Amino acid sequence: MLQMLVTVSLSRTPDDLWDPESPRCVSLGAEPVRTLLVLDESVWASCGNSVTVMKMSTLTTQKFEVHPDPMVSVTHVACAGGGVWMAFSEGSSIRLFHTETLELLQEINISTRSMLQSTGIQTPHIATLYACSHGFTSGLEQM
């Protein structure tokens, strides 16, 4: 099975440049890496239905599942306050995870009731996700 790897290096030079002599490979999984999010002193990388959080100060990693369906991938991530919102390749729900505990805090389906009840309309999915200090916005497309 092919593994997706990310190579990271700590900055150790006086000029605050990457030190190519100290790389470390981090295995993320077999699916393509779809999103990267830099958050404080960490990098969040999505691979399939899971996310790996890499702490840059220690190069430690923590991987957690963000969707129960293994066929669903993370497509968009956005940080808002103490949480990270995620959108997925299937469905119109977004999920909020705590940045420190990685706990699922909330799940919201952004489809309108009439859209869900309409016949002949295929499943909508989230096309964009953006967080700002006043909340978040998303773009909903019908497939």
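The rules we used
Along each chain, residues carry numbers from 1 onward, in the same order as the chain's sequence is written. Selection of residues for local features in this predicted model requires a pLDDT of at least 70, selection of side-chain atom pairs for listing and counting requires 80 or more, and totals for whole chains, interfaces and linings are taken over all residues. For side-chain calculations, the full set of non-hydrogen atoms in the structure is used, while hydrogens and water are omitted. One side-chain nitrogen of Lys or Arg within 4 Å of one carboxyl oxygen of Asp or Glu is enough to make a salt bridge. Counting from the N terminus, the helices are DSSP H or I runs at least four residues long and the strands are E runs at least two residues long. Think of it in three bands: with a 1.4 Å probe and only protein chains considered, a residue is buried below 20% of the maximum accessible area for its type, exposed above 50%, and partly exposed in between. Two strands qualify as a pair provided that DSSP identifies no fewer than 2 bridges between them. Only the contacting stretch of a helix is used when fitting its axis, a line to C-alpha atoms as for every element, and angles between N-to-C directions run 0 to 180 degrees.

Per an unreviewed UniProt entry, the chain carries the name Rho guanine nucleotide exchange factor 10-like protein and comes from Characodon lateralis.

Caption draft 1: Just the pattern of salt bridges, in detail. Scanning all chains against the criterion turns up one salt bridge. Of the charged contacts in the structure, one is a salt bridge between Arg 95 and Glu 107, with a shortest N-O distance of 3.4 Å. Here Arg 95 is found in strand S9 (residues 93–98), whereas its partner Glu 107 is found in strand S10 (residues 104–109), with 12 residues between them in sequence. Taking the relative accessible area as the measure of exposure, Arg 95 reaches 11% and is therefore buried.

Caption draft 2: Seen up close, the sheet that holds strand S5 (residues 50–55). As summarised here, the arrangement of the four strands in space is S3-S4-S5-S6, forming an open sheet in which the pairing is antiparallel. One side of each edge strand has no neighbouring strand; the edge strands of this open sheet are strand S3 (33–39) and strand S6 (60–65). Here the average twist between neighbouring strands, direction ignored, is 20 degrees. The pairing of strand S4 (residues 42–47) with S5 spans six bridges and is classified as antiparallel. Among the inter-strand pairings, Ala 45 is bridged to a residue of S5, identified as Thr 52.

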